[in-house]
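Inside the fold
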Amino acid sequence: MIAIGEKYELIISSMRVLSLLEAFKKNKTYQMTFDKIILFDFYMKFPQTMIREGKDVSNFDFEELYSFFHSHPDRDSYHRILNFALSKRLVSKEILNSSFVYKITDLGIEVVNGIQNPFSDRMRANALLIKKNISKMSETRIKEEINSKSLNNIHLL
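Just so you know, the residues in each chain are numbered from 1, in the order the chain's sequence is written. Local features are withheld for residues below a pLDDT of 70 in this predicted model, meaning they are given only at 70 or higher, and side-chain atom pairs are given and counted only at 80 or more; totals for whole chains, interfaces and linings count all residues. Water and hydrogen atoms were dropped before computing side-chain values, which therefore reflect all heavy atoms in the structure.

1. Let's talk about the environment of lysine 45
- Structurally, lysine 45 can be placed in helix α2 (residues 34-45).
- Buried residues are those whose accessible area, probed at 1.4 Å on protein chains only, stays under 20% of the maximum for their type, while exposed residues exceed 50% and partly exposed ones sit between those limits. By relative accessible area, which is 31% here, lysine 45 ends up partly exposed.
- It is 9.7 Å that separates the C-alpha atoms of lysine 45 and valine 17, two residues lying 28 residues apart in sequence. The way it works is that DSSP assigns letters per residue, a run of H or I at least four long becomes a helix, a run of E at least two long becomes a strand, and they are numbered from the N terminus.

Here's what the structure looks like:
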């Protein structure tokens, strides 16, 4: 049985991933693989660390300040998130070029667009920034940026 805190984390994480997949829904050539979802979700989970400009950390929460602890994600957690979304028919999964590729379904789009609040609006905006700016970078470059920016928070404390 899943504890309440774990269920909450699963739902929030699923919404981040769905928002991310929704931003890429019209891009037929870009393939959202398991590893890309993990990398891009770091930007979604820690937008103050990864997307913000400047060195002001006054509005950071505890998780954001210590994001470097999460710079190497729990892959099992992402399998759980994606399996949850698959079981609810919010995403589909197929194998292309020897990789699992995930796409948001019409039901997933309906769910993402049906939630209207400041948090979901920020998630959608961050997902669009990732699509516009981050998705053009190589996976190696993204990993370097994650390590650099998340470890940089240590020096800002």
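Structure shown, so let's carry the discussion forward.
2. Details of the nonpolar core
- In these notes, a set of buried Ala, Val, Leu, Ile, Met, Phe, Trp, Tyr and Cys residues joined through side-chain atoms within 4.5 Å is what counts as a nonpolar core. Of all hydrophobic cores here, the largest spans 36 residues; its most connected members are Leu20, Leu21, Met32 and Phe40.
- Looking at this core element by element, the count peaks at eight residues for α2.
- Between two residues, a contact is recorded if the distance between any of their heavy atoms is within 4.5 Å. Look past the residues within four positions of phenylalanine 40 in its chain and what remains in contact with it is Leu20, Phe24, Tyr30, Met32, Ile130, Ile134, Ser135 and Ile142.

3. Side note on the side chain of serine 19
- Relative to the helices and strands, serine 19 is located in helix α1 (residues 4-23).
- Contacts described as polar in this section are N or O atom pairs within 3.5 Å, which, within protein, must combine one atom able to donate a hydrogen with one able to accept it, while residues neighboring in sequence count only if both atoms come from side chains. At 2.9 Å, the side chain of serine 19 forms a polar contact with the backbone oxygen of methionine 15.

4. Focus on the environment of arginine 75
- Here arginine 75 shows up in helix α5 (residues 75-87).
- Remark: the alpha-carbon pair of arginine 75 and aspartate 35, spanning 40 residues in sequence, is separated by 9.0 Å.

5. Focus on α5
- Take the residue count of a helix, subtract one, and multiply by 1.5 Å to get its expected span. In this model α5 runs 18 Å from its N-terminal to its C-terminal C-alpha over 13 residues, within 8% of the 18 Å that 1.5 Å per residue would give.
- The set of residues buried in α5 consists of Tyr78, Ile81, Leu82 and Ala85. Projected down its long axis, α5 carries its buried residues within an arc of 90 degrees, all on one side.
- Where α5 is buried, its residues contact α1, α2, β1 (91-96) and β2 (99-104).
- At the N-terminal boundary of α5, the capping side chain belongs to aspartate 74, with an oxygen 3.1 Å from the backbone nitrogen of aspartate 76.
- Phi turns positive one or two residues past the end of α5, at arginine 89, with a value near 60 degrees. The arc in question is traced by the directions running from the helix axis to the C-beta atoms.

6. Concerning the pairing of β2
- When β1 meets β2, the two strands line up antiparallel, connected through six bridges. Each bridged residue has a counterpart across the sheet, and for serine 92 the counterpart in β2 is lysine 103.
- What sits between β1 and β2 in their antiparallel hairpin is a turn of two residues, with asparagine 97 showing a positive phi close to 50 degrees. Strands were regarded as paired on the criterion that DSSP finds at least two bridges between them.

7. Side note on the pattern of salt bridges
- Only one rule defines a salt bridge in this text: a Lys or Arg side-chain nitrogen within 4 Å of an Asp or Glu carboxyl oxygen. Scanning the model with the defined rule gives six salt bridges in all.
- Between glutamate 22 and lysine 25 there is a salt bridge, and its shortest N-O distance comes to 2.5 Å.
- Judged by its relative accessible area of 31%, lysine 25 falls in the partly exposed class.

8. What about the packing of α2 against α5?
- Axes here mean lines fitted to C-alpha atoms, for a helix over just the part in contact, with angles spanning 0 to 180 degrees between N-to-C directions. The interhelical angle for the contact between α2 and α5, taken along N-to-C directions, is 105 degrees, at an axis separation of 11 Å. Our classification of the angle between α2 and α5 gives roughly perpendicular. For the pair α2 and α5, contact is made by Phe34, Asp35, Ile37, Ile38 and Asp41 and by Arg75, Tyr78, His79 and Leu82, respectively. Working definition: roughly parallel below 35 degrees, roughly antiparallel above 145 degrees, roughly perpendicular at 65 to 115 degrees, and oblique for all remaining angles.

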